[in-house]
Amino acid sequence: MGTWCPSDRNGGSPVNKRPASRSAKGNRPERGNGPSSAPPVDKARLAARDVLKAVRERDAYANLVLPGLLRDRKLDTRDAALATELAYGASRARGLLDAVIESGSGRAISEIDGGLLDILRLGAYQLLRTRVAPHAAVATSVDLTRAEFGSGKAGFVNAVLRRVSEKTAGQWVDELAPDAAKDPVGHLAFEHAHPKWIAQAFADALGADAAELADVLEADDTRPAVHLVARPGEISAEELALVTGGEEGRYSPYAVYLDGGDPGKLDAVRDGLAGVQDEGSQLVARALTLAPLDGPDSGRWLDLCAGPGGKAALLGAIAEIDGAHVDAVEPTPHRAELVRKTTKSLPVTVHVVDGRDTGLDGGYDRVLVDAPCTGLGALRRRPEARWRREAKDVAALVSLQRELLASALKLVRPGGVVVYSTCSPHLSETVAVIADAIRRYGALELDTRTLVPEVPGVGDGPSVQLWPHRHGTDAMFMAALQRPVS
């Protein structure tokens, strides 16, 4: 998995659903950081606020901060579920929330103190996108503010949120979004809390199916199921589903779906029989092992962008069955160590080198390039990611992707196969990279759809594009290239 491509990570939270509404009075109180006379603050909302604060101040990742915070504070199941929904939901909806807060406050977001903004986003999210009672959303936000900033600031938060509560989410969209007739993509982007450039990239990738744009954007705001991968040779998907209470996947023979919970607590995961991996990523790794070769498979396989190790582990497990060996390349030492831990006891050798200049001997039968990318296909799992990425990021990543694919085509033997994948549907990162490799190096593109025959709706070919609204996976792209024999 490439450095910027988080498709192996799972997690998330319901955006429009939550446990039955609770007022501040109904939750366990906890004192904030304010004076002793400050009112008690809600544990779940305080945790959610602290996640938003970490994201804003430290550029932290919400899905990495929240689990540890919940464990440290020992929140019960109900409070943990609420904190998860609010932290992830407010992170996803930030653009829409900020527009509403600006309108309600009469101030630009840049003019509002960061600490107050965290609380306003949390309160506005509850008012617009949950079933929390308005009085509870406002009161608990005011209590958080008073506990940390005092009564004066609490009055400001109270006034702004009361203005926000005067309209429904739909009414705010009607008032603030671009006109749907003049700018349909911009309108949908605002309504579903996506930057317009990302919504446009999805529309471009959908092509003739661009009418599905609203479905794609909505899927990005839906809590993804946890996907487990059963390690081949150790446990079957059927057995894994039985011991975890999950459901066998629809497409990957190794996939199991869980409704939620902490997969790290499962015995099968702790014992190394299974891992956490999006089903789309499983299909990519499996496709490499199924691709037809011109000539025999000598068992030399290469994962050129291996960190953090999910695909390398699946490749290694299949390689062990097939009598093959996987070389895994990861340039960052700490990520290389993750690959080593993930592939422990498997026929995988980790090399801490740059995939563009590995120093490895060529002649590989199969090479996987799961390239670093914008991660636009995995926005469900990185709540704040859509607001961090910018359109200008694409060019540098495309340059890197082309260099990595060029390296792979040199390392694969004549008649061997390279599978290129990204967890982004952006055309510049997908079909354009493939077209460039074909033009420059004379690679032959295989019909990748034949490598995922059980999956419908993957596009017109020869490449494959998965979608969360169609397949329940991350929006993974994959294409198979063969190096000509002569």
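All values reported here derive from a predicted model rather than from experimental measurement. (Residues numbered from 1 in each chain as written. Predicted model: local features only at pLDDT ≥ 70, side-chain atom pairs only at ≥ 80, totals over all residues. Heavy atoms only, no water.)

A. Here's a closer look at the pattern of salt bridges. Within this structure, the stated rule accounts for 35 salt bridges. Here aspartate 42 and arginine 45 are joined by a salt bridge, their closest N and O atoms 3.3 Å apart. Arginine 45 shares its class with aspartate 42; the two are buried. In this structure, arginine 380 engages aspartate 474 in a salt bridge whose closest nitrogen and oxygen atoms are separated by 2.8 Å. In this pair, arginine 380 sits in the loop between β10 (364-370) and α17 (385-388) while aspartate 474 sits in the loop between α20 (468-471) and β14 (477-482), placing the two residues 94 residues apart along the sequence. Assigned by exposure class, arginine 380 and aspartate 474 land together as buried. When salt bridges with common partners are traced through the structure, they connect Arg49, Asp50, Arg73 and Glu148 into a single cluster. (Salt bridge = Lys/Arg side-chain N within 4 Å of Asp/Glu carboxyl O. Buried < 20%, exposed > 50% of the residue type's maximum accessible area, 1.4 Å probe, protein only. Helix = DSSP H or I, 4+ residues; strand = E, 2+ residues; numbered from the N terminus.)

B. Layout of the environment of alanine 80. As for its position among the elements, alanine 80 is in helix α3 (residues 77-92). C-alpha of alanine 80 to C-alpha of glycine 307: the two residues are 227 residues apart in sequence and 30 Å apart in space. Apart from residues no more than four positions distant in its own chain, alanine 80 is found in contact with Leu70 and Leu75. (Contact = heavy atoms within 4.5 Å.)

C. Molecular detail of the nonpolar core. Core analysis: the largest hydrophobic core is formed by 58 residues, its most contacted members being Val51, Leu96, Leu97, Ile112, Leu120 and Val164. Put simply, the parts of the chain that give this core at least two residues each are α1 (43-58), α2 (62-73), α3, α4 (94-105), α5 (114-129), α6 (134-149), α7 (151-164) and α8 (169-176). At nine residues, α5 tops the list of elements feeding residues into this core. Residue contacts for leucine 120: discarding those within four places in its chain leaves Ile101, Ile112, Phe156, Val157, Val160 and Leu161. (Core = buried A, V, L, I, M, F, W, Y, C linked by side-chain atoms within 4.5 Å.)

D. How the structure looks around a negative patch on the surface. Among the surface-exposed residues, Glu238, Glu239, Glu247, Glu248 and Asp259 lie close enough to one another that they form a single negatively charged patch. At the level of secondary structure, the elements contributing two or more residues to the negative patch comprise α12 (237-244) and β4 (247-248). The class for glutamate 239 is partly exposed, based on a relative accessible area of 43%. (Patch = residues over 30% accessible without salt bridge, like charges linked within 9 Å, V, L, I, M, F, W, Y side chains within 5 Å. Areas by Shrake-Rupley, 256 points an atom, 1.4 Å probe, with all protein chains shown as cover. Lys, Arg positive; Asp, Glu negative; His and termini not counted. Charge placed at Lys NZ, Arg CZ, Asp CG, Glu CD.)

E. Highlighting the pairing of strand β7 (residues 300-303). Bridge count between β7 and strand β8 (residues 325-329): four bridges; the pairing is parallel. In the sheet register, tryptophan 301 faces β8, and the bridge partner there is valine 326. With three bridges joining them, β7 and β10 adopt parallel strand pairing. Bridging from a neighbouring strand, leucine 302 pairs with valine 367 of β10. (Pairing = 2+ DSSP bridges.)

F. Looking closely at the packing of aromatic side chains. Taken as a whole, this structure holds two aromatic pairs when the rule is applied. Centroid distance phenylalanine 202 to tryptophan 467: 6.2 Å. Interplanar angle 85°. Geometry classified as edge-to-face. Of the two residues, phenylalanine 202 is situated in helix α10 (residues 196-206) and tryptophan 467 in the loop between β13 (464-465) and α20; the sequence distance between them amounts to 265 residues. Owing to a relative accessible area of 2%, phenylalanine 202 belongs among the buried residues under this scheme. On the basis of an interplanar angle of 70° and a centroid distance of 6.4 Å, the ring pair of tyrosine 420 and phenylalanine 477 is categorised as edge-to-face. Separated by 57 residues along the polypeptide, tyrosine 420 in strand β11 (residues 412-422) and phenylalanine 477 in strand β14 bring together distant segments of the chain. Side by side, tyrosine 420 and phenylalanine 477 carry an identical accessibility label, which is buried. (Phe/Tyr/Trp six-rings, centres within 6.5 Å; stacked < 30°, edge-to-face > 60°.)

G. Main features of unusual backbone geometry. Of note, the amide linkage connecting glycine 307 to proline 308 takes the cis form, showing an omega dihedral of 0°. Here proline 308 lies in the loop between β7 and α15 (310-322). Positive phi, normally seen in glycine, also occurs at lysine 74, with a value near 55°. With respect to the helices, strands and loops of the structure, lysine 74 is situated in the loop between α2 and α3. Residue class for lysine 74 comes out exposed when judged on its relative accessible area of 67%.

H. Molecular detail of α6. With 16 residues, α6 ought to run about 22 Å at 1.5 Å a step, and its terminal C-alpha atoms sit 22 Å apart, in line with that. Every buried residue of α6 is accounted for by Ala136, Ala137, Val138, Thr140, Ser141, Val142, Asp143, Leu144, Thr145 and Ala147. Taken together, the buried residues of α6 touch β2 (41-42), α1, α5 and α7. Backbone geometry just downstream of α6 places glycine 150 in the positive-phi region, at approximately 95°. (Expected span 1.5 Å × (residues − 1).)

In short, geometric facts, not functional conclusions.
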